[in-house]
Amino acid sequence: MNKQPKDFSYALSSYLSVYLPGTKGVSKNTVLSYRDTFSLLLIYYRDCLDIAPEKLSFQQIDRALIEGFLTWLESSRKCSVSTRNQRLAAIRAFFRYLQVYHPEHLLLCQEIIGIPSKSSKERMMNYLDLDSLKVLLSMPNPSTRQGRRDTVLLSLLYDSGARVQEIVDLCRADVRTTFPATARLSGKGGKVRIVPLSADMAQLLQAYLDELAQLGRAKGTDALFCSRSGQKMTRAGVAYILAKYADMARQAVPGCVPVPFSPHCLRHSKAMHLLQARVNLVYIRDLLGHTDLRTTEIYARAETEAKRKALEAASPVKSDGKYPSWTENDQLLTWLQSFGRTDI
């Protein structure tokens, strides 16, 4: 009997290798993110339920077990609520695909699609002011090749407002250092945008490109940023580099770099500095590659909150929490109660 249409491994491999890249046309990074979600799910079944990945079938999957997997992500792997919800979104997407292409599992699909996302407190947006940014960018050692690379890497992360993946995907042909200097970024969903670069960034980039040419990496298709081994840099590699210099900056100027601080915080910093310079939100949206202006508006809300806190700190109006109650003033209370009465 042919069990292929009902087999979990067959359905999952078809989804990842055919449907997502072929039918949906999603990016390679999205496919890899979905792959990582199901790799974790298989690890959960193997380590917690003693079910080997090759033996997993749809009969061994239900809503309760998926909810157990999500709990395991938070409790055992210490994932954040946002990561948990991201994994759940990937699982839901797979079961939406399944209910169309394998309708015999429709009830199971509906049960799992119905698992709600977990609400979480809105996290504080960490970003650097200009003075703190200067401290961070001064940490790499310019006398070493690695230090010069890191200076360009961190500077470009900030100046372009790019996501980490957009930076590591850059090739030499994607940057233009002659006026007007630009960087060609490939964002989410394969969308490409051209972002302007400052004159100082262009000079820094040109010096870096000249050094790459001396090393024999002059092809336009060569990765712009590589590790010591000559391989294309990864997101984890960029995060490690930033964490190293952030620690150095905190030692040099305590409190100048907030905790936690990730590469995405440089993107936040760029957006906040543009907003503080009164750049229109529409232009900031285009620079960051947001599809919806409402996403960009988080920076306006963060800026308003920062101003509110600054005004509170500078305000001479203070309260000791001992404001008297209206009921303590008997005469005033009596007058208010009798106000407007004609029978007095």
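Conventions we followed
- Residues numbered from 1 in each chain as written.
- Predicted model: local features only at pLDDT ≥ 70, side-chain atom pairs only at ≥ 80, totals over all residues.
- Heavy atoms only, no water.
- Salt bridge = Lys/Arg side-chain N within 4 Å of Asp/Glu carboxyl O.
- Helix = DSSP H or I, 4+ residues; strand = E, 2+ residues; numbered from the N terminus.
- Buried < 20%, exposed > 50% of the residue type's maximum accessible area, 1.4 Å probe, protein only.
- Contact = heavy atoms within 4.5 Å.
- Axes fitted to C-alpha atoms, helices over the stretch in contact; angles between N-to-C directions.
- Parallel < 35°, antiparallel > 145°, perpendicular 65-115°, else oblique.
- Left-handed = near helix turned anticlockwise from the far one by under 90°.
- Nonpolar A, V, L, I, M, F, W, Y, C, P; charged D, E, K, R; others polar.
- Core = buried A, V, L, I, M, F, W, Y, C linked by side-chain atoms within 4.5 Å.
- Phe/Tyr/Trp six-rings, centres within 6.5 Å; stacked < 30°, edge-to-face > 60°.

Quick notes on the pattern of salt bridges
Close approach of charged atoms allows side chains with opposite charge to pair.
Part 1 of the reasoning: Evaluation of the coordinates by the stated rule reveals 14 salt bridges.
Part 2 of the reasoning: With its nearest N and O atoms 3.1 Å apart, the salt bridge here joins glutamate 67 to arginine 63. Placement of both glutamate 67 and arginine 63 in helix 3 (residues 63-75) is noted, with a separation of four residues, approximately one turn of the helix.
Part 3 of the reasoning: A salt bridge links arginine 148 to glutamate 211; the shortest N-O distance between them is 2.8 Å. With arginine 148 in helix 7 (residues 145-160) and glutamate 211 in helix 9 (residues 199-214), this pair connects stretches of sequence that are 63 residues apart.
Part 4 of the reasoning: Classification of arginine 148 by relative accessible area gives partly exposed; the value is 31%.
Part 5 of the reasoning: One network of salt bridges, with partners in common, ties together Glu74, Arg84 and Lys118.

Digging into the environment of valine 31
Part 1 of the reasoning: Checked against the element boundaries, valine 31 lands in helix 2 (residues 28-48).
Part 2 of the reasoning: On the basis of relative accessibility, which here comes to 15%, the residue valine 31 falls in the buried class.
Part 3 of the reasoning: Apart from the residues lying within four places of it in its own chain, the contact partners of valine 31 are Leu16, Leu20, Pro21 and Val26.

Quick look at the packing of helix 11 (residues 263-276) against helix 12 (residues 281-288)
Part 1 of the reasoning: Taken N-terminus to C-terminus, the directions of helix 11 and helix 12 make an angle of 160 degrees; their axes are 10 Å apart at the nearest point. Comparing the axis directions of helix 11 and helix 12 gives the class roughly antiparallel. Helix-helix and strand crossings are classified by hand; for helix 11 and helix 12 the assignment is right-handed. Facing Arg267, Lys270, Ala271, Leu274 and Leu275 of helix 11, the residues of helix 12 in contact are Leu281, Ile284, Leu287 and Leu288.
Part 2 of the reasoning: Broken down by class, the residue content of the contact of helix 11 with helix 12 amounts to seven nonpolar, no polar and two charged.

Notes on the nonpolar core
Part 1 of the reasoning: Core analysis: the biggest nonpolar cluster contains 49 residues, and Leu156, Leu224, Phe225 and Leu266 have the highest contact counts within it.
Part 2 of the reasoning: Taken together, the elements giving at least two residues each to this core come down to helix 6 (130-137), helix 7, helix 8 (164-168), strand 2 (182-186), helix 9, helix 10 (235-252), helix 11 and helix 12.
Part 3 of the reasoning: Residues within four places of phenylalanine 225 in sequence aside, it is in contact with Arg149, Val152, Leu153, Leu156, Ile167, Tyr208, Arg217, Gln231, Lys232 and Met233.

Re the packing of aromatic side chains
Part 1 of the reasoning: Taken as a whole and assessed by the stated rule, the structure comprises 17 aromatic pairs.
Part 2 of the reasoning: Consider the rings of phenylalanine 8 and phenylalanine 58, whose centres lie 5.4 Å apart with planes at 75 degrees: the pair is edge-to-face. Here phenylalanine 58 lies in the loop between helix 2 and helix 3 and phenylalanine 8 lies in helix 1 (residues 8-24), a separation of 50 residues in the sequence.
Part 3 of the reasoning: Residue classification places phenylalanine 8 among the buried positions, given a relative accessible area of 3%.
Part 4 of the reasoning: The exposure class of phenylalanine 58 is buried, given its relative accessible area of 4%.
Part 5 of the reasoning: On the basis of an interplanar angle of 45 degrees and a centroid distance of 4.9 Å, the ring pair of tyrosine 15 and tyrosine 97 is categorised as tilted. Residue tyrosine 15 is located in helix 1, and its partner tyrosine 97 is located in helix 4 (residues 81-101); the two are separated by 82 residues in the primary sequence.
Part 6 of the reasoning: With relative accessibility at 2%, the residue tyrosine 15 sits in the buried group.
Part 7 of the reasoning: Put simply, the rings of Phe8, Tyr15, Tyr19, Tyr34, Phe38, Phe58, Phe94, Phe95, Tyr97 and Tyr101 touch in pairs and so form one group of aromatic residues.

Concerning the packing of helix 4 against helix 5 (residues 106-113)
Part 1 of the reasoning: Relative to each other, helix 4 and helix 5 sit at 155 degrees, their axes nearing to 9 Å. Considering the angle they form, helix 4 stands roughly antiparallel to helix 5. The way helix 4 lies across helix 5 gives a crossing that is left-handed. Mapping the contact onto sequence places Ile91, Arg92, Phe95, Arg96, Leu98 and Gln99 in helix 4 and Leu106, Leu108, Cys109, Gln110, Ile112 and Ile113 in helix 5.
Part 2 of the reasoning: Along the lines of polarity and charge, the residues of the contact of helix 4 with helix 5 split into eight nonpolar, two polar and two charged.

Honestly, it's all geometry; don't read function into it.
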